[in-house]
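Chain by chain, the residues run as shown.
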Amino acid sequence: MRRRPRRVLAAVILAGAVVLAGVTPAAALPSAPAVDGAWHGPSEPVAEPEWFGTADGGFYADPDSGANRWVAANPDNAATPTIRDGLASRPQAKWFGDWNTDVRSDVDAYVSGAAKAGKLPILVAYDIPQRDACGGQSTGGAPDEQAYAAWIGAFAAGIGTRPAVVVLEPDAVAQTVDPGCTAVDRAARMATLNDATSALHDGAPGARAYLDAGNATWISDLDALATALDGAGLRRIRGFALNVAHYQPVVGSEAYGGMLDAALSARLGHPTPYVVDTSRSGGGRPEPGDFCNYGDARLGVPSRENDGGGAELLLWVKDPGESDGVCGASSLPAGQFDWRYAYRLVTGAWPG
């Protein structure tokens with residue numbers, strides 16, 4: 001990703017540290033429970049995959065991430081060991097969009113790589129028409145609803161019945177609620193989001209999919225946001241995602257997530273699980289408007305199962321070090337790896 005809405009950070013959270021540990025070999029991985037759109041809560045327990053609870057959560061670290069490609073191309077840079085060990089080697093999401101010429105094949109290859117490594121892949125679907133309509137740094141996406149329906153169907157087919165975590169269309173729902181976001185065609189957006197939730201429900205039954213719901217500083221009308229999430233097909237998938245590519249501390253995101261869950265429970269009659277992006281949640285408080293490559297951001301808690309709060313997973317959804325666009329602390333276009341910014345995310349200092 002790319003560009004991110006909106007406003008300010010409410011508190012400070014220090015980045016957590018983990019020691020990487022081994023996980024269950026691929027041959028011994030259990031089958032993931034089918035996700036049927038129903039809430040699997042305390043009254044209906046579902047066994048977690050064996051790799052949950054390991055030190056790194058058992059999540060897959062993409063060997064072909066922008067960070068890993070930069071490390072491989074720059075073995076003699078003084079910053080390379082810091083970026084390799086502090087960022088590139090840690091699990092984070094893989095984003096898929098209109099840059100994938102054969103999304104089914106690309107998703108299949110990525111999920112297969114994770115399975116071979118005995119780890120759980122995190123994927124982001126980011127191809128909604130009018131993508132980033134209100135920000136403009138990551139414009140693009142499918143040209144229309146029909147093209148998107150084909151794309152998201154192929155994305156789901158690439159996962160198939162295998163286990164995965166999917167974050168679905170960052171910004172897309174919140175943009176339909178934001179009264180200042182006049183660029184988005186709200187009716188068309190809701191139709192495509194229903195295509196997305198249906199495709200994941202039907203085509204990737206082993207995946208846990210989470211529909212993006214913005215961040216804790218964006219939409220204050222939680223009833224309106226809950227209505228939009230429900231209208232987009234939230235009931236078909238696992239839950240919602242918060243803080244994607246933003247900087248909110250976990251405590252702030254979980255406070256907001258609890259309130260949004262309450263608003264959803266009033267509609268759905270049950271709790272809704274959610275995940276929080278912690279990739280850049282470890283820094284100080286930005287000034288209003290510092291949402292794009294915020295210079296004082298730091299890495300947050302690495303991807304893992306959350307054993308003590310409201311979110312069920314803490315994930316590096318945003319690829320740390322990849323630029324949000326030509327703004328803030330980076331002069332590179334959206335999606336390009338900026339090694340100087342990455343080094344600052346890890347250390348808190350600019351490279352010498």
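Rules used throughout
- Residues numbered from 1 in each chain as written.
- Predicted model: local features only at pLDDT ≥ 70, side-chain atom pairs only at ≥ 80, totals over all residues.
- Heavy atoms only, no water.
- Disulfide = S-S within 2.5 Å.
- Helix = DSSP H or I, 4+ residues; strand = E, 2+ residues; numbered from the N terminus.
- Buried < 20%, exposed > 50% of the residue type's maximum accessible area, 1.4 Å probe, protein only.
- Salt bridge = Lys/Arg side-chain N within 4 Å of Asp/Glu carboxyl O.
- Pairing = 2+ DSSP bridges.
- Contact = heavy atoms within 4.5 Å.
- Axes fitted to C-alpha atoms, helices over the stretch in contact; angles between N-to-C directions.
- Polar contact = N/O pair within 3.5 Å; in protein donor to acceptor, adjacent residues only side chain to side chain.
- Expected span 1.5 Å × (residues − 1).
- Phe/Tyr/Trp six-rings, centres within 6.5 Å; stacked < 30°, edge-to-face > 60°.
- Lys NZ or Arg CZ within 6 Å of the ring centre and 35° of its normal.

With that settled, the discussion passes to the state of the cysteines. Tallying each qualifying case throughout the model produces 1 disulfide. Two residues, Cys292 and Cys327, share a disulfide whose sulfurs are 1.8 Å apart. With a gap of 35 residues between them, Cys292 in the loop between β6 (274-277) and β7 (304-305) and Cys327 in the loop between β8 (313-315) and α9 (339-347) connect regions that are remote in the sequence. Given a relative accessible area of 16%, Cys327 falls into the buried group.

Despite not being glycine, Asp171 shows a phi value in the positive range, around 80°. Its place among the elements puts Asp171 in the loop between β3 (164-168) and α5 (172-177). Non-glycine residue Asn293 carries a positive phi angle of around 50°. Tracing the sequence through the fold places Asn293 in the loop between β6 and β7.

Here the focus is the pattern of salt bridges. Under the criterion given, the structure shown has 12 salt bridges. A salt bridge links Asp85 to Arg84; its shortest N-O distance comes to 2.9 Å. Under the relative-accessibility criterion, Asp85 is labelled partly exposed at 45%. Here Asp324 makes a salt bridge to Lys318, at a shortest N to O gap of 3.0 Å. Take Asp324 and Lys318: they sit in the same class, and that class is buried.

Pairing is mixed in the open sheet, where 8 strands are placed in the order β1-β2-β3-β4-β5-β6-β8-β7. Looking at which strands have only one partner, the edges of the open sheet turn out to be β1 (94-96) and β7. Bridge count between strand β5 (residues 239-242) and β6: 3 bridges; the pairing is parallel. Paired with Phe240 across the bridge in β6 is Tyr274. The strands touched by helix α6 (residues 186-203) are β3 and β4 (207-212); relative to β3, the strand with the most contacts, the crossing angle is about 175°. Its contacts with the sheet put helix α8 (residues 250-268) on β5, β6 and β8, and the angle it makes with β5 is roughly 150°.

Turning next to the side chain of Ser281. Of note, Ser281 is situated in the loop between β6 and β7. Engagement of the side chain of Ser281 in a polar contact is seen with the backbone oxygen of Thr278, the distance being 3.2 Å.

Attention shifts here to α8. For α8, spanning 19 residues, the distance from its first C-alpha to its last is 25 Å, which sits close to the expected 27 Å at 1.5 Å a residue. Along α8, the residues classified as buried are Val250, Gly252, Ser253, Glu254, Tyr256, Gly257, Leu260, Asp261, Ala263, Leu264 and Leu268. If you follow the buried residues of α8, they end up packed against α7 (222-231), β5, β6 and β8. Where α8 ends, the next residue or the one after it, Gly269, has phi of about 85°, a positive value.

Next up on the list: the packing of aromatic side chains. Under the definition given, this model contains 10 aromatic pairs. On the basis of an interplanar angle of 90° and a centroid distance of 5.2 Å, the ring pair of Trp95 and Tyr126 is categorised as edge-to-face. On the criterion of sequence distance, the pair formed by Trp95 in strand β1 and Tyr126 in the loop between β2 (122-125) and α4 (145-159) is long-range, its members being 31 residues apart. Seen in terms of ring centroids, Phe96 and Tyr110 are 6.1 Å apart; in terms of plane orientation they differ by 65°. Their pairing is edge-to-face. Note that Phe96 is positioned in strand β1 and Tyr110 in helix α3 (residues 103-117), a separation of 14 residues in sequence. Summarising the burial analysis for this pair, Phe96 and Tyr110 share the class buried. The aromatic ring of Trp339 is capped on one face by Arg340, whose charged end is 6.0 Å from the ring centroid.

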